[in-house]
Amino acid sequence: MTETTARSGTTTRNETATRNDTAHREDRPPLPDRTDPTAIGAQRVGLPGSDVKVGPLGHLAAERQRLDALRWEHFDVTRTSATLGAEVSGILLADDLPDPVVADLARALADYKVLFFRDQPLTTAQHVAFARRFGELEIHPFLPANTDSPEVVRFAKSADVGGYENGWHHDVTWREVPSMGAVLHAVEVPDSGGDTLFADAYAALDELDPDLRERVDGLLAVHDFAHVFGHTLSPEDLAAMQEQHPPVAHPVIATHDRTGRDHLYVNRFFVSHLTEADGEPLDPDESARLVDQLCRPFETPELQVRLRWEPDSVAFWDNRAVQHYACSDYWPDVRVMERASIVGTRPVRR
Ligand code: SIN
């Protein structure tokens, strides 16, 4: 596919700038291999009397170097954090994007785990049309759509409705088949605050102490919507919903269906407890301790990227490869976001 053909019908960046950027990248000397996490200088040091460790997270280097070697034909990509997050420019999501561009976006999503786009005015229909290029869309049973389209969830926050999405989570893990990703469009943003943070679930797994990793590999986590949404329902509605969406068990360490890489798949929002592989519940104290230990790596800033929203910014995240957290620091200001979620596959451990 030539550059000209691939871009037909697409709004692209300035072609001269493109050629200059490409030439600039090709002139760069090859990167030295600085990715050995056991090297002197890559060691972390435990602080006496605590479980706090300081020092470089050396295991991030290999992924960072891999991402920097990637080249993109149809748009520009700027990595925004060590192992996740990239700002994509040179395309308009409202356009009817050619298939090769969509295929490259899917590849970029798998690599960078969350993609950011600026200045993307989208009608609800355009939002739905873009997200549908990546799969069927979900209808959320609890969150109101509030728009012309049932597939688009509207998070409209104000003095009357606070932002309650400020806990680390993968979306809808209480479904048997949770979403593969979500496209979130900023309709109205506060003057300050309301950022969204994302954390790398592959790097979180690599962060685990080897003994802990060995203990949890093969365990299942039970995910239950009632943890977060239960209090919003009447007892009758809760019972009816629990019948439709009973708790579901997913592997604590899952294998990503596209990348084939293992990642952590436990979040505090929806996981009620852990079980052995045969479904036998763990002792409640051990379960609570392990859930805490498995969720903590997501709280490490080096594993995160943070998006400062502007009107018409869009974030497209891989809902298996990252957890996210919406900062709730702007009340009583208004923040309106719309989300379309793409149906995924049932998580498995290969
Ligand atoms: C969500 O949790 O999906 C919403 C994220 C946000 O509003 O930033």
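Residues numbered from 1 in each chain as written. Predicted model: local features only at pLDDT ≥ 70, side-chain atom pairs only at ≥ 80, totals over all residues.

With that out of the way, let us pick up the overall build of the protein. Helices and strands together make up the secondary structure of the protein, namely ten helices and 17 strands. Overall size of the protein, expressed as C-alpha extent along the three principal axes, is 60 × 55 × 40 Å. A total of 350 residues make up the protein; the buried ones form 37% of that total. Considering only contacts in the protein between residues 6 or more positions apart, those separated by 24 or more positions represent 80%. (Helix = DSSP H or I, 4+ residues; strand = E, 2+ residues; numbered from the N terminus. Buried ≥ 20, exposed ≤ 12 C-beta atoms within 10 Å, placed from the backbone. Contact = placed C-beta atoms within 7 Å.)

For the protein, the assigned domains are domain 1 (14-67) and domain 2 (74-350). On a C-alpha basis, the centroid separation for the pair domain 1 and domain 2 is 26 Å. Taken residue by residue, the interface counts seven residues in domain 1 and nine residues in domain 2. In terms of residues, the side of domain 1 that touches domain 2 owes the most to one element, helix α3 (residues 61-68), which gives three residues. Looking at the side of domain 1 that touches domain 2, its residues break down into three nonpolar, one polar and three charged. (Domains from an automatic or database assignment. Nonpolar A, V, L, I, M, F, W, Y, C, P; charged D, E, K, R; others polar.)

For the rest of this paragraph, the subject is the site of the ligand. Lining the immediate surroundings of the ligand are Phe155, Glu165, Asp171, Leu184, Thr196, His324, Ala326, Met337 and Arg339. When residues of the shell around the ligand are traced back to their parent elements, those giving at least two are β16 (322-326) and β17 (335-343). Looking at the shell around the ligand residue by residue, the classes come out as four nonpolar, two polar and three charged. (Near = placed C-beta within 6 Å.)

Moving on, we come to the environment of Leu70. If you trace the backbone, Leu70 turns up in the loop between α3 and β3 (76-79). The class of Leu70 is partly exposed, set by 13 C-beta atoms lying within 10 Å. In this structure, the C-alpha to C-alpha distance between Leu70 and Asp111, residues 41 residues apart in sequence, is 9.0 Å.

Judged by nonpolar contacts, the single largest core of 79 residues is most densely connected at Val114, Leu115, Val252 and Val266. When residues of this core are assigned to domains, at least three fall in each of domain 1 (14-67) and domain 2 (74-350). In this structure, Val266 is in contact with Ala221, Val252, Val271, Val291, Leu294 and Cys295, ignoring residues within four places of it in sequence. (Core = buried A, V, L, I, M, F, W, Y, C linked by C-beta atoms within 7 Å.)

Turning next to the sheet that holds strand β10 (residues 248-251). Read from one edge of the open sheet, three strands run β10-β9-β13, paired in antiparallel fashion. With partners counted over all chains shown, the strands left at the sheet margins are β10 and β13 (271-275), one partner each. This sheet shows a mean twist of 30 degrees between the axes of neighbouring strands, independent of strand direction. Alignment of strand β9 (residues 220-223) against β13, held across four bridges, turns out to be antiparallel. Within β13, the position partnered with Val222 by the bridge is His273. (Pairing = 2+ DSSP bridges. Axes fitted to C-alpha atoms, helices over the stretch in contact; angles between N-to-C directions.)

Before going further, it helps to spend a moment on helix α10 (residues 284-295). Taking 1.5 Å as the rise per residue, α10 with twelve residues should run 16 Å; its terminal C-alpha atoms sit 16 Å apart, in good agreement. Among the residues of α10, Leu290, Val291, Leu294 and Cys295 are the ones counted as buried. All buried residues of α10 project into a common sector of 125 degrees when viewed along the axis, lining one side. When the buried face of α10 is taken as reference, the exposed residues oriented beyond 90 degrees from it are Asp285 and Asp292. Residues of α10 that are buried make contact with α7 (210-216), β12 (262-264) and β13. (Expected span 1.5 Å × (residues − 1). Arc of directions from axis to C-beta.)

Strand pairing in a sheet relies on backbone hydrogen bonds, with the paired strands running either antiparallel or parallel. Taken in spatial order, the three strands of this open sheet run β14-β8-β16, and their pairing is antiparallel. Two strands bound the open sheet, and with one partner strand each, they are β14 (304-307) and β16. Each adjacent strand pair in this sheet contributes to an overall mean axis angle of 20 degrees, direction not counted. Where strand β8 (residues 196-200) and β14 come together, four bridges link them in antiparallel fashion. Considered in β14, the bridge of Ala199 is made with Gln304.

This part takes up helix α5 (residues 124-132). Turning to α5, its buried residues are His127, Val128, Phe130 and Ala131. Considered in projection along α5, the buried side chains sweep an arc of 165 degrees and stay on one side of the axis. Buried-residue contacts for α5 involve β6 (152-157), β7 (179-188) and β17.

Relative to β10, β9 runs antiparallel, the two being bridged by four bridges. For His223, the partnering residue across the bridge sits in β10 and is Val248.

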